[in-house]
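Each chain, written out:
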Amino acid sequence: MGQEGDDITASGDLPDPDDKTLDPLRTFVAGLSRLLACDPVETTLLDAGAGLLAQLVVRDDWLPDAFAAPHPEHYQQYLLHCDPAQRFCVVSFVWGPGQVTPIHDHTVWGLIGMLRGAEDSQPYRLDAQGVPVMAGEPVRLSPGDVEVLSPRRGDIHRVSNAYPDRVSVSIHVYGANIGTVRRSVFTESGERKCFVSGYANASWPNPRGTAPQRTQGA
Ligand SMILES: [Fe+2]
């Protein structure tokens, strides 16, 4: 993450905040903020939020390339927006060819919208000994699809890029600043380890609106 005092204007790959390209993200953030302001029960939030996310991922022309760049060795998680009250965040999840997560949980609600390529999500549950066992068939997400996660329903899964030879990108929304949340990964034998994911980026786009141009000396 960026340090206080960083000159983010020096980052050449940041999009222009006046660029209308980010309007779909702005619309989504505004819509989810309005939804949360009504303090809905989780089922209402997830149903309505999934509808909003479906509108965001129905088109693939708004995500800046800087937030869709894969890493050659592991998947990337770029923060696109964090609600000021940390009620939710929006993340682009970028899969290099064939990349896969460990079995993990989330501890907060989540929405996953497929933007580009495809991914497979294999749900798990923990048995009485804490060993993860598959819980149903894997779910294939294709562009435009939205998957819902909730600790109330079971939120343990392993996700993989469905393609061995191309990049896939999904847009994730979580009910917290997910990069700071203490979560768990599980080995096949049931060993549980705490992790905090963080983010791959030190600077992020400005989906909240336009910004005046900096004038010389200001
Ligand atoms: Fe996940």
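The present account deals with the structure reproduced in this document.

Here is what the cut-offs are and how they apply
Residue numbering note: each chain is counted from 1, following its sequence as written. For this predicted model, a pLDDT threshold of at least 70 governs which residues receive local features, and a threshold of 80 or more governs which side-chain atom pairs are given and counted, while totals over whole chains, interfaces and linings are taken from all residues. In this description a helix means any DSSP run of H or I spanning at least four residues, a strand means any run of E spanning at least two, and both kinds are numbered starting from the N terminus. Think of it as a crowd count around each C-beta: if 20 or more other C-beta atoms lie within 10 Å the residue is buried, if 12 or fewer it is exposed, and in between it is partly exposed, with C-beta placed from the backbone throughout. We call two residues in contact when the distance between their C-beta atoms, placed using the backbone, is within 7 Å. Two strands qualify as a pair provided DSSP detects at least 2 bridges between them. The axes are straight lines fitted to the C-alpha atoms, using for helices just the contacting stretch, and the angles between their N-to-C directions are given from 0 to 180°. When describing relative orientation, an angle under 35 degrees is termed roughly parallel and one over 145 degrees roughly antiparallel, while 65 to 115 degrees is termed roughly perpendicular and anything else oblique. Under the scheme applied, nonpolar residues are Ala, Val, Leu, Ile, Met, Phe, Trp, Tyr, Cys and Pro; charged residues are Asp, Glu, Lys and Arg; polar residues are all the others, including Gly.

### A word on the environment of His157
You can see His157 is positioned in strand β9 (residues 156-161). A tally of 23 C-beta atoms within 10 Å means that His157 is categorised as buried. Separated by 23 residues in the primary sequence, His157 and Met134 have C-alpha atoms spaced 8.6 Å apart. The contacts of His157, once residues within four sequence positions are left out, are Ser121, Gln122, Pro123 and Tyr124.

### Comments concerning the pairing of strand β4 (residues 110-116)
Working note: regular strand, side chains alternate between the two faces of the sheet. Judged by how many residues are buried, β4 sits mostly within the fold: six of seven residues are covered. In this structure, β4 lies alongside strand β8 (residues 146-149), joined through four bridges in antiparallel fashion. By the bridge assignment for β8, Gly110 is matched with Leu149.

### Things to note about unusual backbone geometry
Its identity as a non-glycine residue notwithstanding, Gln86 has a phi of 55°, on the positive side. For Thr107, which is not glycine, the phi dihedral falls at a positive 75°. Among the residues examined, Thr107 registers 15 C-beta atoms within 10 Å and is labelled partly exposed.

### A look at the sheet that holds β8
Across the sheet, which stays open at both edges, the five strands sit in the order β1-β2-β10-β4-β8 with antiparallel pairing between neighbours. Looking at the sheet topology across the chains shown, the edges are occupied by β1 (76-82) and β8. Direction aside, neighbouring strands of the sheet carry axes that sit 20° apart on average. Pairing between strand β2 (residues 89-95) and strand β10 (residues 168-174): seven bridges, direction antiparallel. By the bridge assignment, Cys89 is partnered in β10 with Tyr174. Along the sheet, helix α2 (residues 42-57) contacts β4, β8 and β10; its crossing angle with β4, the most-contacted strand, is approximately 15°.

### Details of the packing of helix α1 (residues 23-37) against α2
Contact pair α1 / α2: the axes reach a minimum separation of 9 Å and the direction vectors enclose 170°. The pairing of α1 with α2 is recorded here as roughly antiparallel in orientation. Counting all contacts with α1, which are made through Pro24, Leu25, Phe28, Gly31, Leu32 and Leu35, the residues of α2 involved are Leu45, Ala48, Gly49, Leu52, Leu53 and Leu56. In terms of residue class, the contact of α1 with α2 is built from 10 nonpolar, two polar and no charged.

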